[in-house]
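Take a look at the letters that make up each chain.
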Amino acid sequence: MTTHRAFRWPSLLTESGRGIAFGGDYNPDQWPEETLDEDIRLMGEAGVNVVSLAIFSWDKIEPVEGAFTFEWLDHVIDRLGRAGIAVDLASATAAAPLWLYESHPEVLPVDRYGHTVNAGSRQSWQPTSPVFKEYALRLCRRLAEHYKDNPYVTAWHMGNEYGWNNRYDYSDNALAAFRTWCEAKYGTIDALNEAWGTAFWSQHVNSFDEVLLPRHMGGDAMVNPSQQLDYERFGNDMLLDFYKAERDAIEQICPDKPFTTNFMVSTDQCVMNYAKWADEVDFVSNDHYFHEGESHLDELACSDALMDSLALGKPWYVMEHSTSAVQWKPLNTRKRAGELMRDSLAHVAMGADAICFFQWRQSKSGAEAFHSAMLPHAGADSKVFRGVCELGKALKTLSDAGLQGTELERAGTAILFSAESEWATRSETLPSMKLNHWHDVRDWYRGFLDAGLRADVVPLAYDWTGYKTIVLPTVLSLSDEDVLRIADFAKAGGTVIVGYAAGLIDEHFHIGLGGYPGAGNGLLRDMLGIRSEEFNILGEEAEGEPSEISLSNGLTTRLWQNDVTSVAADTTVLASYAGESAADWELERTPAITSRPYGNGTAIYVGCDLNRHDIAQLLKALGSRWQELSAQPTESGQTPTYPTTDPRILHTIRRSADGSTRFDFYLNRSNQPVAVNGIEGEPIIAYRCEADTTGYTLNRNAILIAKASC
Ligand code: GLA
Ligand code: GLA
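Within each chain, residues carry numbers counting from 1 in the order of the written sequence. Lettering for chains starts from A, numbering for ligands starts from 1, and both go in the order in which the items are written. Selection of residues for local features in this predicted model requires a pLDDT of at least 70, selection of side-chain atom pairs for listing and counting requires 80 or more, and totals for whole chains, interfaces and linings are taken over all residues. Side-chain calculation: all heavy atoms of the structure are included, whereas hydrogens and water are not.

Asks: Hey, could you go over helix 11 (residues 339–349) for me, with residue numbers and the actual values?
Replies: Of all 11 residues in helix 11, 11 are buried; the element is thus mostly enclosed. The set of residues buried in helix 11 consists of Glu339, Leu340, Met341, Arg342, Asp343, Ser344, Leu345, Ala346, His347, Val348 and Ala349. Count one or two residues on from helix 11 and you reach Gly351, which has phi positive near 115 degrees. Residue burial is assigned from relative accessible area. The probe radius is 1.4 Å, only protein chains are included, and a residue is buried under 20% of its type maximum, exposed over 50%, and partly exposed in between. A run of H or I in DSSP counts as a helix once it spans at least four residues, and a run of E counts as a strand once it spans at least two, with each numbered from the N terminus.

Here it is, written out as structure tokens:
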């Protein structure tokens, strides 16, 4: 189902080329020349072995149109390389120089109101601008020619966070490209009219020349959701095409070095459909910024679980995270003692083989001066820099122990994620504007952890047939083909858990008829053995009305209940709505959670939203079967030790390809000390842990890593 480019991982400048990569974005061009000496000395002290260079340096490389100056960059790369620090070299196209905007203002994006975006920031260019592409590709080719044989450049870092600032462009170039994209997708205008449901509001399109972008349409500006979803896909595809053009321009000249670009996978955003992007890089990399508050570690693990799937189980790269606070949120909390190390090693526990930060040296000026870095304003005599050095040592220990290249062991459950459903849940035309697919994925992920289980997060489009259980939390959009795959999975013996707002629409944002959930021409509904007719939507806004409803098993729902009006004879009702609020909303005794045998498997329906605590309760109530469901024999035939029984511990395992070595990672999810006994193998890192006769006590933000031969 997936056609990834072959996995290629960048070498380090160590003798073997191997080891966990450690470093960050490096912007020496923003500092006086003398700083370089100190940087290289301190990088050595910290154990830095890679930097990402020249990400925003286009104006230094091509200060005036057509005049390229590589001397400064040659010098920096040479100094770094001789100090044993590899370079992940940027294509440098993420921020264009001002001269380009002076001569070609037509490359600037246009917002949905028709205003041209101004120059002066990052990604201020239209992905569909032929003029911009010409300049960008020329720069790519010049860089490739100049650095193709440089032994210190070991990877290409294409662009930077594609789409961060130019995800939505409503320019005339975009319009023309959208028309072409629609024609390629639909072939005939009738097919587009059908897909977009244009019979509504006089929107019939006579030819592809009449296709419009979903620009602002005035006060009653509800966009046709089918058109909007295609526009989301189109924007993703245009940026991906742009990336590919840049990559190909370099690859033609320099085919030997691996390519990546930093994704933005984090459960508060879904800029791109990275299930597609992962096909086009040689190794996947991510920028992840921690979420403040109690979800900190869980959120990180959930985002990383998706990264691990995008990497098809191969190691992946943390291209950016922060040593402490960022500066771009309304409120920027710093990291507590231990969190710098813990977060970094948590990424490793989730499959990362490279731990990098934004950025090496904290800026003195500019928009990001208050963003933490590896070397802070306070200088080397600082908690943060000492923490960075300590991390460098820990990563060296893991490198020496042979961790690099081991793969994260899969869980038995896949929670399915779909970027398209995430985009669809953002539509303003749904029964509730509070729907959020990604957040529901995160809640289910945390619910599994709270139940002492671990799940993976897998793109819907990928192959999840090897799992025992799949969960579809608010996978709003399911095509007929998706539903067939799901039903086949259940028939073959799998367990399918379908959430309250899954399968309401197809890939064109058309409602499946005949009762909810109607996806797959009713197949999803039939598989579950339920049918509902209306949604019961709750919220504080409905003043004086009950805003939560109890279930007969003690759980609570607060957002959305499906009014299930019929169940098949062989469907078991596991819980129904109960109590006063249920009676008030005329839902008393209405089935809320059901289970039905389907083929050799089971189809479970969760017809209302639940918070993560209640999800954990539900999972536990489903019984000891979960022990069995979530354990999956490894390829080498051993039965893994999942699930961990103590929900306060996040336990992951990385194994060598030949199965001879395993690394067990134990992270404390709670704020209190937790005891871990009976670990396998020899501890190689016991950070913020205390050993006693039976095992270890893991303090807050602790991590214990043990190595065992199998
Ligand atoms: C208005 C419009 C209708 C419809 C309804 C929906 O009254 O005239 O076309 O959009 O709102 O409530
Ligand atoms: C992004 C960018 C970096 C920097 C960081 C700040 O990830 O790629 O250049 O702006 O955000 O957190």
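Here the narrative resumes.
Asks: Would you mind going over the nonpolar core in detail, with residue names and values included?
Replies: Working definition of a nonpolar core: buried Ala, Val, Leu, Ile, Met, Phe, Trp, Tyr and Cys residues. They are joined through side-chain atoms within 4.5 Å. Counting residues in each nonpolar core, the largest one holds 181 residues, and the members touching the most others are Leu89 and Met527. No other element matches the nine residues that helix 5 (residues 130–147) contributes to this core. With sequence-adjacent residues up to four places away left out, Met527 is seen in contact with Ile486, Ala487, Ala490, Val496, Val498, Arg596, Tyr598 and Ala603. Counting 19 residues, the second largest nonpolar core, distinct from the first, contains Ala177, Phe178, Trp181 and Cys182. Whether two residues are in contact is decided by their heavy atoms: any pair within 4.5 Å suffices.

Asks: Account for the UniProt feature "domain: Beta-galactosidase C-terminal" (unreviewed entry) in the protein chain, with residues named and values stated.
Replies: UniProt positions are given in the numbering used here, feature names are shortened, and annotations may be inferred rather than shown by experiment. Per the UniProt annotation, the sites labelled "domain: Beta-galactosidase C-terminal" (unreviewed entry) are residues 650–707. Within the segment residues 650–707, helix and strand shares are 0% and 71% respectively, and the terminal C-alpha atoms sit 17 Å apart.

Asks: Hey, could you go over a negative patch on the surface for me, with residue numbers and the actual values?
Replies: Each patch is assembled from residues with relative accessible area greater than 30% and no salt bridge, linking like charges that lie within 9 Å and nonpolar side chains (Val, Leu, Ile, Met, Phe, Trp, Tyr) that lie within 5 Å. Residue burial considers only the protein chains on display, and all accessible areas are found by Shrake-Rupley using a 1.4 Å probe. Any carboxyl oxygen of Asp or Glu that lies within 4 Å of a side-chain nitrogen of Lys or Arg is treated as forming a salt bridge with it. Asp and Glu are treated as the negative residues and Lys and Arg as the positive ones, with His and the ends of the chain left uncounted. For this purpose, a charge sits on NZ of Lys, CZ of Arg, CG of Asp or CD of Glu. There is a patch of like negative charges on the surface, built from Glu545, Glu580, Asp584 and Glu586. Residue Glu580 is classed as exposed on the basis of its relative accessible area of 76%.

Asks: Give me the lowdown on the sheet that holds strand 12 (residues 456–459), citing residues and values where you can.
Replies: Strand order in the open sheet formed by nine strands is 12-11-13-14-21-20-19-16-17, with mixed pairing between adjacent strands. At either end of the open sheet lies a strand with only one pairing partner, and these are strand 12 and strand 17 (556–557). As paired strands, strand 13 (residues 469–472) and strand 14 (residues 495–498) are joined by four bridges and run parallel to one another. Bridge assignment links Ile470 to a residue of strand 14, and that residue is Val496. Two strands pair under a simple rule: DSSP has to find at least two bridges between them.

Asks: I'd like a rundown of the sheet that holds strand 3 (residues 86–90), residues and numbers included.
Replies: The nine strands lie next to each other as 5-4-3-2-1-9-8-7-6, forming an open sheet whose pairing is parallel. The sheet terminates laterally at strand 5 (259–260) and strand 6 (262–263), the two strands that pair on one side only. Here the axes come from fitting lines to C-alpha atoms, over the contacting stretch only for helices, and the angles between their N-to-C directions go from 0 to 180 degrees. Together, strand 6, strand 7 (285–287) and strand 8 (316–320) form the strand contacts of helix 10 (residues 296–310), whose direction differs from that of strand 8 by roughly 130 degrees. Here helix 11 sits on the sheet in contact with strand 8 and strand 9 (352–357), set at roughly 145 degrees to strand 9.

Asks: Describe the site of ligand 2, naming the residues involved and giving the relevant values.
Replies: As a structural note, the neighbourhood of ligand 2 is formed by Phe56, Arg122, Asn160, Glu161, Asp287, Tyr289, Glu320, Trp328, Phe358, Glu368 and His371. N or O atoms closer than or at 3.5 Å make up a polar contact, with two conditions inside protein: a donor-capable atom paired with an acceptor-capable one, and, for residues adjacent in sequence, both atoms drawn from side chains. For ligand 2, an oxygen atom lies 2.7 Å from a polar atom in the side chain of Asn160. When ligand 2 sits alone it has 300 Å² of accessible area, and the protein chains cover 96% of it. Of the residues that constitute the shell around ligand 2, the class distribution is four nonpolar, two polar and five charged. Nearness of a residue to a molecule or strand requires only that one of the residue's heavy atoms be within 4 Å of it. Nonpolar residues are Ala, Val, Leu, Ile, Met, Phe, Trp, Tyr, Cys and Pro. Charged residues are Asp, Glu, Lys and Arg, and all others, Gly as well, are polar.

Asks: Quick rundown of the packing of helix 1 (residues 35–46) against helix 12 (residues 383–400)? Include the residues and the values.
Replies: Where helix 1 meets helix 12, the closest approach of the two axes is 8 Å, and the angle between their N-to-C directions is 55 degrees. Looking at the two axes, helix 1 sits oblique to helix 12. When helix 1 is examined against helix 12, the residues Leu42, Glu45 and Ala46 are found in contact with a partner set consisting of Phe385, Val388, Cys389 and Gly392. Of the residues in the contact of helix 1 with helix 12, the class split is five nonpolar, one polar and one charged. When an angle is under 35 degrees it counts as roughly parallel; over 145 it counts as roughly antiparallel; between 65 and 115 it counts as roughly perpendicular; any other value is oblique.

Asks: Now, about the packing of aromatic side chains: what can you tell me, with residues and values included?
Replies: Working definition: a ring pair exists when centres of Phe, Tyr or Trp rings (six-membered ring for Trp) sit within 6.5 Å. Plane angles under 30 degrees give stacked, over 60 give edge-to-face, the rest tilted. Taken as a whole and judged by the stated rule, the model has 33 aromatic pairs. With a centroid separation of 5.6 Å and an interplanar angle of 40 degrees, the aromatic rings of Tyr162 and Trp277 are classed as tilted. Of this pair, Tyr162 sits in the loop between strand 4 (153–157) and helix 6 (172–186) while Trp277 sits in helix 9 (residues 274–277); the two residues are 115 residues apart in sequence, bridging distant segments of the chain. Take Tyr162: its relative accessible area is 3%, and that puts it in the buried class.

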